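Secondary and tertiary structure notes
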There are 2 protein chains.
Amino acid sequence: MQKSNVLVEALNMNGGDGPYSYAENSSYQRGAVETAEEIISRDIASKFDTKQLSSISPSPICIADFGCASGSNSLIAVHGIVEAIEAKLRSQGIDSKIIEFQVFFNDLVTNDFNMLLTSLPSERRYYAAAVPGSFHGILFPRTSLHFAYSSCALHWMSKLPDEVTDEGSPAWNNGRIFYIGAPNEVLEAYSSQFAKDMDSFLSARAHELVSGGLMALIVPAFPDGVLSLQTTNATEIQLLESCLVDMAKIGIVSEVEVDSFNLPAYYTSPKELKIVIEKNGDFTIERLETLKNPKRHIAMPNLRARTMFWRALIEGMIDKHFGEGVADELFNRYSTKAAQCSLFMSPERPSSVMLIAVLKRKDYLLGKK
Amino acid sequence: MQKSNVLVEALNMNGGDGPYSYAENSSYQRGAVETAEEIISRDIASKFDTKQLSSISPSPICIADFGCASGSNSLIAVHGIVEAIEAKLRSQGIDSKIIEFQVFFNDLVTNDFNMLLTSLPSERRYYAAAVPGSFHGILFPRTSLHFAYSSCALHWMSKLPDEVTDEGSPAWNNGRIFYIGAPNEVLEAYSSQFAKDMDSFLSARAHELVSGGLMALIVPAFPDGVLSLQTTNATEIQLLESCLVDMAKIGIVSEVEVDSFNLPAYYTSPKELKIVIEKNGDFTIERLETLKNPKRHIAMPNLRARTMFWRALIEGMIDKHFGEGVADELFNRYSTKAAQCSLFMSPERPSSVMLIAVLKRKDYLLGKK
């Protein structure tokens, strides 16, 4: 239980701009961001509600990116959103020049905000602010945001499901680091935690967004009907897992440590995500589809890039759980194993996908949810 | 010219929480913050305007601290301001529980925001955000703030006056690092830059604050009628200066480097500050007086604490201008010289003071300044 919280506290993408940093190793995520941009711009053009802007005393338009990390993907996304809203304002005959924008960059308090803030363009169309804290809770005053965005972040859970590290539970996930290849109880524990987290996220955003406010979410997922075991991600995680098990066998890490280590992430599916959003009830679903990410397969066969990708994601957790120094050994072993693996020679194997959901905050009576 | 900009870019208080950090060496500033707190609370009780808060759809009350640095002084100040506003709301029969607060922590982009954000109390009465950028420019949307605060920051200038590093100017400040003991032209150049900077600061805040919005400023100054040369600060800066001159003589730094190094800071006076605020015209002066700081003299005779105080303030600039390693040598020499100096045996000598100004944003017609 304690372990699981420690892990989630270490859930920051590698900071700075060194070779293992998230900033240098997030081109896969950038592909998704860029592909989504056009779709989001179109939805802003048709669905962004300008009625909420008073023509007499125009308030700023407030935008927040939840889970911005330290890299530049967030800046690209935010730039696109601001441009699309400006275009929408102009199309409505509103003088977009008098409208001010305020953009909030959110991530966990352990995120490298210094890196993010120093990389802000000096010429920009918006006032910028960094907001620390878990997006599973409320981070802004009520009805203070007009547009919410989150990319490649919602698969990270607020905590590991308790059962997974509980020896007495049928969902105890010993000898594995993820739910892939595990008993069904483990998958169910992960899925149930994801549903709870997603509901918390939606309720918090419902507090923060104005009536009619839009939200665009890019969520890593497995396609409906694809068994997770068949995907490249499954192979990659299982390779990592087997390296850790090997390291436990020769005493570099302990078996107990491997048993208690689990990735606090979950790949949802289009069907499952739809159910969670509908059950929450605060938003209408304006769009929910799989993103056609043209860069997905390009990144895939490059073994070094994929190793760095995983390292940027999970090194913080490995350090926290196993101690410093283990990550070097782990990723050396991973490179060696992966080089012998057919995965990187068959890029056509199904992989995880990115879902894009565009949601609209339902109107609500004040004082009620 | 270029040098002066480089210096101001390095104008960040030492980050982190190590022995030379601002966080560990700002108890002098904390004394001022704590003394001011009571005065600010009283002024909030009598002058904070609650009419701007709609009872139907209450907006958050937005507070900004300009020049927050990385330490905890800012958190203490902000806590006091929020409590005082809550008390005022209750006294007006407003249910303060339904009012949300949003606090923005501003400093230069080079500030250690990671340190600041990780030291935020987890249980707090406000939503927090960090805002990077120079407070001499506009940092927030128009009429988006209800209360502005700045402590021990406004003496830092946006740039060195050009003349001071211009060999052809009568204000060329060769062989010195400050205006103390310099020709009158140097003092005038500093004073004129301070007036410009203060006017920019006030105009920017006038854009951001609501009509009737309050601003509390704690500004380091010399008392009216006290010649700056007589103060302890003057002695301390001249000691630093003489160490640098000594180091130039034996070639540790170059003479040219010392000639071009000047501290981009200015101690105003009560009279001068009043003139600058009145000339700007956006604010009424609700209070302008010298703070009685009980901790001032306590800190004074402690040589080590004062050395650390100066180091936390200017090490970044020393590193940037003279290169790494020079600071160690400089502050070793400083300690030795200071130990032989009568200054630390006579704490009753006049020192710089802190002014407290409480200003109110004048009402204005929309579209006009």
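About the cut-offs
Residues numbered from 1 in each chain as written. Chains lettered and ligands numbered in written order. Predicted model: local features only at pLDDT ≥ 70, side-chain atom pairs only at ≥ 80, totals over all residues. Heavy atoms only, no water. Helix = DSSP H or I, 4+ residues; strand = E, 2+ residues; numbered from the N terminus. Buried < 20%, exposed > 50% of the residue type's maximum accessible area, 1.4 Å probe, protein only. Contact = heavy atoms within 4.5 Å. Areas by Shrake-Rupley, 256 points an atom, 1.4 Å probe, with all protein chains shown as cover. Pairing = 2+ DSSP bridges. Least-squares fit on C-alpha atoms with pLDDT ≥ 70 in both. Phe/Tyr/Trp six-rings, centres within 6.5 Å; stacked < 30°, edge-to-face > 60°. Lys NZ or Arg CZ within 6 Å of the ring centre and 35° of its normal. Core = buried A, V, L, I, M, F, W, Y, C linked by side-chain atoms within 4.5 Å. Buried area = accessible area lost by both parts, 1.4 Å probe. Salt bridge = Lys/Arg side-chain N within 4 Å of Asp/Glu carboxyl O. Expected span 1.5 Å × (residues − 1). Bend = angle between axes of the 7 residues up to and from the residue.

By the naming in an unreviewed UniProt entry, chain A goes by SAM dependent carboxyl methyltransferase and is assigned to Dillenia turbinata.

Check the secondary structure of chain A and you find eleven helices and seven strands. Taken over 369 residues, chain A has a buried fraction of 57%. Residue pairs at least 24 apart in sequence account for 83% of intrachain contacts in chain A once pairs closer than 6 positions are excluded. Carbon and sulfur atoms form 52% of the exposed surface of chain A, whose accessible area is close to 14,600 Å².

Here we take up the pairing of strand S1 (residues 61-66) of chain A. All names here are of chain A. The buried count for S1 comes to six of six residues, which makes it a mostly enclosed element. Taking every second residue as pointing to the same face, both faces of S1 are buried, with Ile61, Ile63 and Asp65 on one and Cys62, Ala64 and Phe66 on the other. Two elements, S1 and strand S2 (residues 101-107), share six bridges in a ladder whose sense is parallel. Of the residues in S2, the one forming a bridge with Cys62 is Gln102.

A few words now on the relation of the copies chain A and chain B. Structural alignment of chain A on chain B gives an RMSD of 0.0 Å, achieved by rotating through 180° and translating 0.0 Å along the axis. The relationship between the two copies is best expressed as a two-fold rotation axis. Considering only C-alpha atoms, the part of chain A nearest the rotation axis is Ala130 of chain A, at 2.4 Å. Both copies present the same face, since 100% of the interface residues in chain A are matched by interface residues at the equivalent positions in chain B.

To continue, consider the packing of aromatic side chains. Tallied over the entire structure, the rule returns 31 aromatic pairs over all chains. Ring geometry for Phe66 of chain B against Phe140 of chain B: centres 5.9 Å apart, planes inclined by 90°, an arrangement best described as edge-to-face. A residue pair is termed long-range when its members are at least 10 positions apart, and Phe66 of chain B in strand S1 (residues 61-66) and Phe140 of chain B in the loop between strand S3 (126-132) and strand S4 (145-151) qualify at 74 residues. When its relative accessible area of 0% is taken as the criterion, Phe66 of chain B is described as buried. Judged by centre distance (5.0 Å) and plane angle (55°), the rings of Tyr179 of chain B and Tyr190 of chain B are tilted. You can see Tyr179 of chain B sitting in the loop between S4 and helix H5 (184-208) and its partner Tyr190 of chain B sitting in helix H5, a full eleven residues away along the chain. The two residues Tyr179 of chain B and Tyr190 of chain B agree in class, both being buried. The ring of Phe66 of chain A is capped by Arg205 of chain A, whose NZ or CZ atom sits 4.0 Å from the centre of that ring.

In summary, soluble globular proteins display a tendency toward joint burial of nonpolar side chains. Counting residues in each nonpolar core, the largest one holds 147 residues, and the members touching the most others are Phe178 of chain A together with Phe178 of chain B. With residues near it in sequence (within four places) discarded, Phe178 of chain A still touches Asn173, Tyr190, Ile237, Glu241, Asn262, Leu263, Ala265 and Tyr267 of chain A. In this structure, Ile63 and Ile356 of chain A together with Val33 and Cys68 of chain B belong to the second largest nonpolar core, which totals 78 residues.

Attention shifts here to unusual backbone geometry. The general pattern is negative phi for most residues beyond glycine and trans for most peptide bonds. Of note in the backbone geometry, Cys152 of chain A takes a positive phi value of approximately 55° without being a glycine. With respect to the secondary-structure elements, Cys152 of chain A resides in the loop between strand S4 (145-151) and helix H5 (184-208). Phi angles above zero are rare outside glycine, and Thr143 of chain B is one such case at about 45°. By secondary structure assignment, the location of Thr143 of chain B is in the loop between S3 and S4. According to the relative accessible area criterion, Thr143 of chain B is partly exposed, its value standing at 31%.

Turning our attention to the interface of chain A and chain B. Taken together, the contact pairs 29 residues of chain A with 29 residues of chain B. Here chain A meets chain B over a buried area of about 2,300 Å², counting both sides, of which 55% is carbon and sulfur. For Glu100 of chain B, the salt bridge goes to Arg142 of chain A, with nearest N and O atoms at 3.8 Å. Counting only elements with at least two residues in the side of chain A that touches chain B, the list comes to S2, helix H4 (113-118) and strand S3 (126-132) of chain A. For the side of chain A that touches chain B, the leading source of residues is S3 of chain A, giving six residues.

This part covers helix H10 (residues 303-322) of chain B. Residues and elements named next belong to chain B. Compared with the 28 Å implied by 1.5 Å per residue over 20 residues, the 24 Å span of H10 between its first and last C-alpha is markedly short. Ile314 marks where H10 bends most, by close to 55°. Within H10, 15 of the 20 residues are buried, leaving the element largely enclosed by the surrounding structure. Gly323 sits one or two positions beyond H10 and adopts a positive phi of about 95°.

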